[in-house]
Amino acid sequence: MAETLAEKLENSELGHWMHRFEGFMVFIGIVGPFATLPQLIKLYFTHSQHATGQSLLSWSLFAVLSFLWFAYGLVVGKLPIYVGNGISMVLNVLMVVGILIHAGLTF
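Values in this document were obtained by computation on a predicted structure and should not be read as measured data. (Residues numbered from 1 in each chain as written. Predicted model: local features only at pLDDT ≥ 70, side-chain atom pairs only at ≥ 80, totals over all residues. Heavy atoms only, no water.)

*Asks:* Looking at this structure, how should I read the packing of aromatic side chains?
*Replies:* In this description, an aromatic ring pair is defined by two values, namely the gap between the centres and the angle between the planes. Under the defined criterion, the tally for this structure stands at 3 aromatic pairs. Over the aromatic face of Trp 17 sits the side chain of Arg 20, whose NZ or CZ is 4.9 Å from the ring centroid. (Phe/Tyr/Trp six-rings, centres within 6.5 Å; stacked < 30°, edge-to-face > 60°. Lys NZ or Arg CZ within 6 Å of the ring centre and 35° of its normal.)

*Asks:* Explain the nonpolar core to me, please; I cannot follow it from the model alone.
*Replies:* Nonpolar side chains tend to gather and get buried jointly when the protein is soluble and globular. In this structure, Leu 40, Leu 43, Ala 51, Leu 56, Trp 59, Val 83, Ile 87, Leu 91, Met 95, Val 96 and Ile 99 together form the largest nonpolar core, which totals 11 residues. Those elements that provide at least two residues to this core are helix H3 (37–46), helix H4 (56–76) and helix H5 (79–103). Residue contributions to this core peak at 6 residues, all from H5. Contacts of Val 83, omitting those with residues within four sequence positions, involve Gly 29 and Ile 30. (Core = buried A, V, L, I, M, F, W, Y, C linked by side-chain atoms within 4.5 Å. Buried < 20%, exposed > 50% of the residue type's maximum accessible area, 1.4 Å probe, protein only. Helix = DSSP H or I, 4+ residues; strand = E, 2+ residues; numbered from the N terminus. Contact = heavy atoms within 4.5 Å.)

*Asks:* Honestly, a nonpolar patch on the surface in this entry has me stumped. Any pointers?
*Replies:* Taken together, the side chains of Phe 21, Phe 24, Phe 27, Ile 28, Ile 30, Val 31, Phe 34, Leu 37, Ile 41 and Phe 45 present a nonpolar region at the surface, about 950 Å² in accessible area. Counting residues per element, the ones that place at least two in the nonpolar patch are helix H2 (15–31) and H3. No other element matches H2, which puts 6 residues into the nonpolar patch. Here Phe 45 is to be found in helix H3. Take Phe 45: its relative accessible area is 68%, and that puts it in the exposed class. (Patch = residues over 30% accessible without salt bridge, like charges linked within 9 Å, V, L, I, M, F, W, Y side chains within 5 Å. Areas by Shrake-Rupley, 256 points an atom, 1.4 Å probe, with all protein chains shown as cover. Salt bridge = Lys/Arg side-chain N within 4 Å of Asp/Glu carboxyl O.)

None of the figures reported here should be taken as evidence of function without further support.
Below is the structure:
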């Protein structure tokens, strides 16, 4: 089987940088999904009356897609992929639940 670019870099003089980069990407995977928090705060605490303005279909799709990426990350054993997408999946599901609670089935 052909060696991937990541494997080539890890086996080269740049290997130590790859480990640092992967650590950085785990950090990004944790911090990035929290960009959803302002939407969640509005949905649950400050502007729940505007839940109908949120797309149930879009947030449901985001939840399913992040689940698939989470599962893929587990299968290939890549921490940055499954950590970030696991957090995204939870936050996206919370959006779906909030929309269902405050607006019902909307499309």
